[in-house]
Amino acid sequence: MAESAPLTLQTCTSITDIPQEDWERLAGRTNPFLRYEFFQSLEESGCTTAETGWQPCHLVFRQGSVIVGAAPGYLKSHSMGEYVFDWAWADAYQRYGQDYYPKLLIAVPFTPSRGPRLLLEDSLRANLSGGTMAELLDGLIGQLGAHSWHLLFPDERDQALLSQPDQLHRIGCQFHWHNRDYSGFDDFLAQLTSRKRKSIRKERRQVAEQGIRFERFSGTDIPDHVLSAFYVFYQATYLKRGQRPYLNKTFFTLLRERLPEHLHIIMAVRDGQMIAGALFLSGADTLYGRYWGCLEEYNHLHFETCYYQGIELAIELGLERFDAGAQGEHKLVRGFEPTITHSWHGIAHPGFREAIQEFTEDEAAQVETYYREAQTLLPYRQQDSN
């Protein structure tokens, strides 16, 4: 009966308006950024609210009374914390006296990591065209009083659904590390050219020579004082740039309580004092390096804490990939390989839509050239890139 009913798209102002069993049926429990508890913690901690510019507006697809799909959504009043930068688009709207905000963002807040965004039942996905999905989203922004919709960092299945000639498509480039069945860090180094291998060993040695060692904590075994110290370091990263951090300590405390199986913190220690820290989340096959901070600068400490320690953790956990975050060409010479990322955009204003279409096409040509050039700079003896 549900399959013959018309498909409708609605929104919810809180993740708790969606039954947890329905969300988990669609999203699973292996990707930390799609866990029900992740969004619940963001909302309860006050990190995603109308006041912060991240008003929850989660999507729910129904056939009759049955939930057949969902997606994390937010009504945004700014473009911060997204990592697909559209400030120039917003400025253009303003110059012509048009409103760019609010906009509907279909994404995981503060998380530039590829993954499922349209959480659809297989039967619905098989019978749903990209044109129909775009029509549903176009209609939704009209109902919400928004001027555009943006779907960021989708996986291959969502890309296949959204891909159509007349849809605005934007690409970017990140750098990810791939685990080729390494049994340890030295196995990884053995795949690099001699010069790069020596360079990484030198960097790691110089960190150790500064008297810095590392301690690892996971899940519910993360003590309060470690979580508190990490949050100080995390805050410092933003305060150094004159910004307020997106996340508060309550969120990280809830993360430890509700998703301990995904959570890892690595602390740098010198003379018995914690001097820097990095937080990682692990999924079914990927380690995600998300947040880092320090109070004082030490030679190569960032590379060691965020990258080399992360690589060791990914190998130990038997994970296939290490996504250490957006941007960062410095990752390339350390074995992280270029990866194309995607986003899809629906712009209501026809004139701006045409201009943005031209922009994304020009930008794509530049990104593809950059991607190809980056592949030639990989430090591997045999460039077997993914």
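Right, let's walk through the structure included here. (Residues numbered from 1 in each chain as written. Predicted model: local features only at pLDDT ≥ 70, side-chain atom pairs only at ≥ 80, totals over all residues. Heavy atoms only, no water.)

Digging into a negative patch on the surface
A cluster of acidic residues, Glu 354, Glu 358, Glu 361 and Asp 362, forms a negative patch on the protein surface. Looking at the secondary structure, you find Glu 354 in helix α12 (residues 350-375). (Patch = residues over 30% accessible without salt bridge, like charges linked within 9 Å, V, L, I, M, F, W, Y side chains within 5 Å. Areas by Shrake-Rupley, 256 points an atom, 1.4 Å probe, with all protein chains shown as cover. Salt bridge = Lys/Arg side-chain N within 4 Å of Asp/Glu carboxyl O. Lys, Arg positive; Asp, Glu negative; His and termini not counted. Charge placed at Lys NZ, Arg CZ, Asp CG, Glu CD. Helix = DSSP H or I, 4+ residues; strand = E, 2+ residues; numbered from the N terminus.)

As for helix α10 (residues 249-258)
Every buried residue of α10 is accounted for by Phe 251, Phe 252, Leu 254, Leu 255 and Arg 256. Tucked into the core, α10 has its buried residues touching α2 (36-44), α9 (224-239), β11 (263-270), β12 (273-282) and β13 (286-294). (Buried < 20%, exposed > 50% of the residue type's maximum accessible area, 1.4 Å probe, protein only. Contact = heavy atoms within 4.5 Å.)

A word on the pairing of β12
Within β12, eight of the ten residues are buried, leaving the element largely enclosed by the surrounding structure. Pairing of β11 with β12 involves eight bridges; the strand directions are antiparallel. Across the sheet, the residue bridging to Ala 268 is Ala 276, located in β12. Taking the residues between adjacent antiparallel strands as the criterion, β11 and β12 are bridged by two residues, where Asp 271 takes a positive phi near 55°. Bridging between β12 and β13 involves seven bridges; their strand directions are antiparallel. Across the sheet, the residue bridging to Ala 276 is Cys 294, located in β13. The hairpin turn running from β12 into β13, its antiparallel successor, is three residues long. (Pairing = 2+ DSSP bridges.)

Observations regarding unusual backbone geometry
Residue Pro 102 is bonded to the preceding Tyr 101 through a cis peptide linkage, with omega at 0°. Topologically, Pro 102 is positioned in the loop between α3 (87-95) and β6 (103-106). A positive phi angle is found at Phe 153, which is not glycine, with a value near 55°. Within the secondary structure, Phe 153 is located in the loop between β8 (148-152) and α6 (156-162).

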